[in-house]
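Secondary and tertiary structure notes
Spelled out from the first residue to the last, the chains are:
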Amino acid sequence: MTSTVAPTLWRDADFLRYWGSRAVTMVGSSVTAVALPVLIYQVTGSPALTSSLMATSTLSMAFFGLVGGVLGDRFDRRRIMVAADLVSAVAIASLVLAHLAGVLTIPHVYAAAFASASAAVLFDGSSAGALPTLVGRSRLPDANARIWGTQGVLDVAMPAAAGLALVVWSPATLLVVDVLSFVGSLLLVRAIRSGLNGARDRTTRVTASDLRADLVEGLTFLRRHPTLWPLAMVAVFGAGSAAALLGLVVPWADRVLGVGTSGWRFGLLFGSWAAGAFLASFLMPRLSRRFGAIRLAQVLFPLMTVLLLLLSRLDRYGLALAVYLGYAILHVLVISATVTYRMQVIPERLLSRVSSASRTLSWGGGATIGVLVSGQIASRWGVPTALVVVALANGCAALLTWVPALRRAAPSARFVDAD
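Computed from a predicted model, the values in this text were never measured in an experiment.

1. Here we look at the pattern of salt bridges
Summed over all chains, the structure comprises one salt bridge. Among the ionic pairs, R17 bridges to D14, the shortest N-O distance being 2.7 Å. Of this pair, R17 and D14 both sit in helix α1 (residues 13-44), three residues apart, which is roughly one turn of that helix. There is no split in this pair, since R17 and D14 are both buried.

2. Here we look at the nonpolar core
Soluble globular proteins tend to bury their nonpolar side chains together. Residues W252 and L269 are the most contacted members of the largest nonpolar core, which totals 87 residues. The greatest single-element share of this core, amounting to 13 residues, is contributed by helix α14 (residues 317-345). Residues contacting W252, with those up to four places away along its chain left out, are L257, L269, L311, A320, Y324, V383 and L387.

3. Some points on helix α11 (residues 249-256)
Counting buried positions along α11 yields six of eight residues, so the element is predominantly enclosed. Taken as a whole, α11 has its buried residues at V249, V250, P251, W252, A253 and V256.

4. Looking at helix α12 (residues 264-291)
Here α12 spans 38 Å end to end across 28 residues, near enough to the 40 Å set by a 1.5 Å rise per residue. Of all the bends found along α12, the most pronounced is centred on L283 and spans about 40°, while P285, a proline, follows it within four residues. Positive backbone phi, at 90°, marks G292, one or two positions downstream of α12.

5. A word on the environment of Y317
Residue position: Y317 is located in helix α14. Judged by relative accessible area, Y317 falls into the buried class, the value being 12%. It is 38 Å that separates the C-alpha atoms of Y317 and V87, two residues lying 230 residues apart in sequence. Once residues within four sequence positions are removed from consideration, Y317 is found in contact with L257, V259, R265, L268 and L269. Here the side chain of Y317 touches R265 through a polar contact of 2.7 Å, landing on its backbone oxygen.

6. Thoughts on the environment of A213
Looking at where A213 falls in the secondary structure, it is placed in helix α9 (residues 208-224). For A213, a relative accessible area of 43% corresponds to the partly exposed category.

7. Section: the packing of helix α3 (residues 55-74) against helix α5 (residues 106-135)
Closest axis-to-axis distance for the α3/α5 pair is 7 Å, and the angle between their directions is 30°. Judged by the inter-axis angle, α3 sits roughly parallel to α5. In terms of crossing hand, the pair formed by α3 and α5 is right-handed. Counting all contacts with α3, which are made through T56, S57, L59, S60, M61, F63, F64, G65, G68, G69, L71 and G72, the residues of α5 involved are Y110, A113, F114, A117, S118, V121, L122, G125 and S126. Class assignment for the residues of the contact of α3 with α5 results in 11 nonpolar, 10 polar and no charged.

8. Examining the packing of aromatic side chains
What the rule picks out here adds up to six aromatic pairs. Note on F63 and F114: the rings are 6.1 Å apart at their centroids and 75° apart in plane angle, and the pair reads as edge-to-face. Of the two residues, F63 is situated in helix α3 and F114 in helix α5; the sequence distance between them amounts to 51 residues. Exposure remark for F63: the relative accessible area of 53% places this residue in the exposed category. Between W273 and Y327 the ring centres are 5.7 Å apart and the planes differ by 50°, which places this aromatic pair in the tilted class.

About the criteria used
- Along each chain, residues carry numbers from 1 onward, in the same order as the chain's sequence is written.
- Residues qualify for local features only when their pLDDT is at least 70, as the model is predicted, and side-chain atom pairs are given and counted only at 80 or more; totals for whole chains, interfaces and linings, by contrast, use all residues.
- Excluded from the side-chain calculation are hydrogens and water; included are all heavy atoms of the structure.
- Salt bridge, as applied in this entry: a Lys or Arg side-chain nitrogen positioned within 4 Å of an Asp or Glu carboxyl oxygen.
- The helix count covers DSSP runs of H or I at least four residues long, the strand count covers runs of E at least two residues long, and both are numbered beginning at the N terminus.
- Exposure is judged per residue with a 1.4 Å probe applied to protein chains only, and the accessible area is read against the type maximum: over 50% gives exposed, under 20% gives buried, and values in between give partly exposed.
- We define a nonpolar core as any set of buried Ala, Val, Leu, Ile, Met, Phe, Trp, Tyr and Cys residues linked to one another through side-chain atoms lying within 4.5 Å.
- Contacts between residues were defined by any pair of non-hydrogen atoms, one from each residue, lying within 4.5 Å.
- One fewer than the residue count of a helix, multiplied by 1.5 Å, yields its expected span.
- We define the bend at any residue as the angle between the axes fitted to the seven residues before and including it, ending there, and the seven starting there.
- Between N or O atoms, a polar contact is any pair within 3.5 Å; within protein, one atom must be a potential hydrogen donor and the other a potential acceptor, and residues adjacent in sequence are included only when both atoms are from side chains.
- Note on method: axes are straight lines fitted to C-alpha atoms, helices fitted across the in-contact stretch only, with angles between N-to-C directions ranging 0 to 180 degrees.
- Working definition: roughly parallel below 35 degrees, roughly antiparallel above 145 degrees, roughly perpendicular at 65 to 115 degrees, and oblique for all remaining angles.
- If you view the pair so one helix is near and one far, a crossing is left-handed when the near helix is turned anticlockwise from the far one by less than a right angle, and right-handed when it is turned clockwise.
- Three categories are distinguished: nonpolar for Ala, Val, Leu, Ile, Met, Phe, Trp, Tyr, Cys and Pro, charged for Asp, Glu, Lys and Arg, and polar for the others, with Gly belonging to the last.
- Pairing of aromatic rings covers Phe, Tyr and the six-membered ring of Trp, with a centre-to-centre limit of 6.5 Å; geometry is then stacked below 30 degrees between planes, edge-to-face above 60, and tilted otherwise.

Here is the structure:
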């Protein structure tokens, strides 16, 4: 948006199309986030294999995160996002068809999950640059708050609904919702009228050396930035602990809390993470403008560590649910604040590359290690022991928020108010 007076977000037709594409994808992804791990756990009974399913998402970030950022800065972001949605729809649809034909296998589930997650990484690589270009940097906190708030509402309702649906239908059957959501998303992205790339010079032919240079430029910017690089290191441990916790939810619900793998209590447990995200979306813009993203990280990561240690000691459903919700609120609050801060300080032409590089380190690196290690620990020594290790990883993130570079930058690392 380049006009002097930009329309409010709810009256901005192109933002509504973008927001709608994210919303319909959130519906399908919320259902799949419940259905796929339940499918693996019901077939194998293994916490390690169930937790490892999340590694299909984290490894896709490790393999394609940097590539997605380079492509998003070099090529048409709209086309990349549409193509990614199409690939995801085909991958998940293959699971539904295999189930109907009676030939669905666990390797097929992992392969389709990896393909869909990889496409999502490419989508996000372009989306990270598309949103600031679409709404302008001054409206980014409010735009992200609306998107994350919507995700919170849908992710609360859909997992609970999925938990109830699993009493009647198989996990594979529920994946139809995700297929339809990807189709709806690609249609909405295609309908956006504004450009999703900022003005820049275009070459008629892009060589491999051009792409390699783009990649190096994005990594160099991140590595040399006085605050983004240490924040990326914080995110490695923060994402590792959060991903590990999410990967343990199914065996935790079944083996520790005793609620099984279906029904309203199981669905509510999955949905409580999203409820935390919804509440955090209201708090994030105001708190971030007042205190800044770095100061929030310095305060909230220690609190999250305490909650994780408490969670490792609980086996009562109600109290565990409340603590889990509290952790989710704090985690999403600090992550959404730091992501928005990152979007505002990166130059537009580097947005996709630098954002993807940071996510590759945190989600592709830290989260992958987190889910694989915690799954193995849970299988050998139990879920409570794995949760203690998760808390220790989060404690490392808390310590890193106080490195000298972040301590010096904390007072001034607040959101800007104008483009």
